[in-house]
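Tertiary structure, described
Given next are the chains, with one letter for each unit.
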Amino acid sequence: MKETKVVLPDREIPRQWYNIMADMPNLPKPPLHPGTKQPIGPGDLSVIFPMALIGQEVSTERWIDIPEEVLDIYTLWRPAPLFRAHRLEKALGTSAKIYYKYEGVSPAGSHKPNTSIPQAYYNKQAGIKRIATETGAGQWGSSMALAGSLFGLEVTVYMVRVSYNQKPYRRIAMETWGATVHPSPSTVTNSGRKILEADPECPGSLGIAISEAVEDAATHNDTNYALGSVLNHVLIHQSVIGLEAKKQFELIGGSPDIIIGSCGGGSNLAGISFPFLRDKIHGKELRVIAVEPTSCPTLTKGEFRYDFGDTAGLTPLLMMYTLGHDFMPPGIHAGGLRYHADAPLLCQLYHDGLIEAVACGQTAVFDAAVKFARSEGIIPAPESAHAIVTAIDEAVKSKEEGKEKTILFSLSGHGYLDLTAYADYLSGKLEDYVYPDEMIKESLARLPVIG
Ligand SMILES: *Cc1c(COP(=O)(O)O)cnc(C)c1O
């Protein structure tokens with residue numbers, strides 16, 4: 001009987017996270033204060049983050065212990081299974097071996113609880129009572145709501161208004177886990193009210209929702225902020241994905257030649273690839289590919305420079321590939337891939353040539369998603385389907401070149417709360433959108449000038 005999945009017992013959950021800052025050839029440039037434009041210190045961040053997470057943010061230690069309480073909750077769904085996509089391989093007639101690490105087994109249905117759980121834990125330890133955060137389509141908000149319910153923390157979520165109105169299911173999930181959800185821009189914060197005054201019909205954006213959540217946290221003593229991607233500590237927590245995958249490949253023998261992940265802020269790709277990238281940095285051959293939508297092409301069309309993390313310019317300036325902090329991405333279905341920039345760690349590695357990037361249009365993405373659903377069974381999240389389309393492309397190339405490549409991709413979540421997107425695809429309503437170069441130029445012209 002051929003093996004389809006590799007499942008590790010609970011005791012094989014990694015006890016430490018991996019921090020790529022110990023191995024990168026060049027560390028990212030430091031975050032700058034939004035006002036003074038000078039490097040920030042730990043004190044600047046302590047208004048909205050607990051010291052333990054600030055420590056991880058600046059740590060260059062290779063291994064960071066995972067607290068017992070976090071491991072205990074990780075066992076609810078971790079270790080996550082590694083699948084061999086036998087049926088997809090057959091459908092493609094490829095000689096490549098295709099594997100996927102499935103993160104849709106978490107209670108929230110994506111990889112995001114890998115970081116919301118430790119973030120809730122460290123905030124609880126620091127005596128914090130409430131977390132304020134933002135969410136686009138709802139994946140991060142629901143992951144934080146889940147973590148809040150498991151640790152007894154209140155959670156307030158600013159949810160991008162279009163999603164709040166059009167996608168009620170994740171909002172209902174958040175409320176079921178006990179969170180309070182506001183449509184953003186909201187009337188609860190100054191930044192929200194200001195935007196609504198100028199444009200009462202504003203559909204919202206992730207950048208605006210971040211401004212609201214940061215303001216909420218900064219103006220309440222018992223409240224901190226939590227971010228679901230981009231920051232160093234988030235990427236560290238997500239390393240459990242790749243560390244498990246490494247163990248799973250050790251069990252079956254072999255190792256991936258190509259690792260692929262969708263890239264919104266970069267956390268699932270970093271999670272699955274960084275533990276393997278460590279070997280590439282030390283000479284092993286490996287390709288790592290970030291896949292982004294053509295409608296939000298941060299790595300493939302953005303510029304590598306300092307930018308704010310939010311629209312209002314409240315967050316520190318980070319060195320990132322960015323489309324500009326007031327970039328308004330069109331309403332594509334992969335809501336989790338609409339952020340205007342990417343994680344500084346991932347950007348630095350991309351800049352140094354250790355990671356590649358490609359952009360895909362959403363019709364190709366859904367063609368691949370449906371092909372996957374009809375061969376492997378799982379209906380993937382539209383975000384994850386970006387990794388699938390590229391895995392299929394690479395498998396087909398491998399066939400044409402007569403090579404037997406081993407491909408690993410991150411199936412970062414399931415799509416059972418994204419069925420409206422599938423309905424649109426199946427009825428031929430999806431359109432490709434390539435973000436116009438002139439508009440990218442315009443928003444980049446509004447970036448802060450440093451030095
Ligand atoms: C949020 C999300 C992403 C994109 O975020 P990254 O930080 O780039 O991982 C991808 N897939 C799913 C299922 C998500 O929920």
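Residues numbered from 1 in each chain as written. Predicted model: local features only at pLDDT ≥ 70, side-chain atom pairs only at ≥ 80, totals over all residues. Heavy atoms only, no water.

Ordered in space as β1-β4-β5-β15-β10-β11-β14, the seven strands form an open sheet in which the pairing is mixed. Of all the strands in the sheet, the pair left with one neighbour each is β1 (5–6) and β14 (356–360). Pairing geometry for β1 and strand β4 (residues 82–84), over two bridges, is antiparallel. Bridged to K5 within β4 is F83. (Pairing = 2+ DSSP bridges. Helix = DSSP H or I, 4+ residues; strand = E, 2+ residues; numbered from the N terminus.)

A complete count under the given rule lists 18 aromatic pairs for this structure. Each ring, one from Y18 and one from W63, has its centre 5.5 Å from the other, and the planes form 55°; the classification is tilted. Here the residue Y18 occupies a position in strand β2 (residues 16–18), and W63 occupies one in strand β3 (residues 63–65), the gap between them amounting to 45 residues. Using a relative accessible area of 2% as the deciding quantity, one classes Y18 as buried. Ring geometry for F304 versus Y321: centroids 4.7 Å apart, planes at 15°, classification stacked. Within this pair, whereas F304 is found in strand β12 (residues 303–308), its partner Y321 is found in strand β13 (residues 317–322), the two being separated by 17 residues in sequence. Exposure class is identical for F304 and Y321. Each is buried. Connected via pairs of aromatic rings, a cluster forms that spans F83, Y100, Y102, F372 and F409. Geometry around F276 places K246 over its ring, the cationic atom sitting 5.8 Å from the centre. (Phe/Tyr/Trp six-rings, centres within 6.5 Å; stacked < 30°, edge-to-face > 60°. Buried < 20%, exposed > 50% of the residue type's maximum accessible area, 1.4 Å probe, protein only. Lys NZ or Arg CZ within 6 Å of the ring centre and 35° of its normal.)

Quick look at the pattern of salt bridges now. Pairs may arise between side chains of opposite charge once their charged atoms sit close together. Following the criterion strictly, the structure yields 19 salt bridges and no others. With a closest N to O distance of 2.8 Å, R78 and E103 form a salt bridge. With R78 in the loop between α3 (68–74) and β4 and E103 in the loop between β5 (97–102) and α5 (113–125), the pair connects residues that are 25 residues apart, well separated along the chain. Note on R78: relative accessible area 1%, which makes it buried. The closest approach of N and O atoms between D279 and K246, which form a salt bridge, is 2.8 Å. Residue D279 is located in helix α12 (residues 267–281), and its partner K246 is located in helix α11 (residues 232–252); the two are separated by 33 residues in the primary sequence. (Salt bridge = Lys/Arg side-chain N within 4 Å of Asp/Glu carboxyl O.)

On to the packing of helix α15 (residues 362–376) against helix α17 (residues 419–426). Two elements in contact, α15 and α17, have axes separated by 11 Å at closest approach and are oriented at 105°. The angle between α15 and α17 falls in the class roughly perpendicular. Contact residues: T363, F366, D367, A369, V370 and R374 in α15; A421, Y422, Y425 and L426 in α17. Residues that form the contact of α15 with α17 fall into these classes: seven nonpolar, one polar and two charged. (Axes fitted to C-alpha atoms, helices over the stretch in contact; angles between N-to-C directions. Parallel < 35°, antiparallel > 145°, perpendicular 65-115°, else oblique. Contact = heavy atoms within 4.5 Å. Nonpolar A, V, L, I, M, F, W, Y, C, P; charged D, E, K, R; others polar.)

A few words now on helix α16 (residues 382–400). The terminal C-alpha atoms of α16, which comprises 19 residues, lie 27 Å apart, in line with the 27 Å expected from a rise of 1.5 Å per residue. The buried fraction of α16 is high, at 14 of 19 residues. One or two positions beyond α16, positive phi appears at G402, with a value near 65°. (Expected span 1.5 Å × (residues − 1).)

All of the buried residues in helix α9 (residues 190–198) are S191, G192 and L196. Buried residues of α9, seen end-on, are gathered within an arc of 130° and therefore sit on one face of the element. The outward face of α9, more than 90 degrees from its buried face, is lined by the exposed residues N190, K194, E197 and A198. Here the buried face of α9 lies against α7 (161–166) and α10 (206–218). The opening residue of α9, the one whose side-chain oxygen lies 3.0 Å from the backbone nitrogen of G192, is T189. (Arc of directions from axis to C-beta. Polar contact = N/O pair within 3.5 Å; in protein donor to acceptor, adjacent residues only side chain to side chain.)

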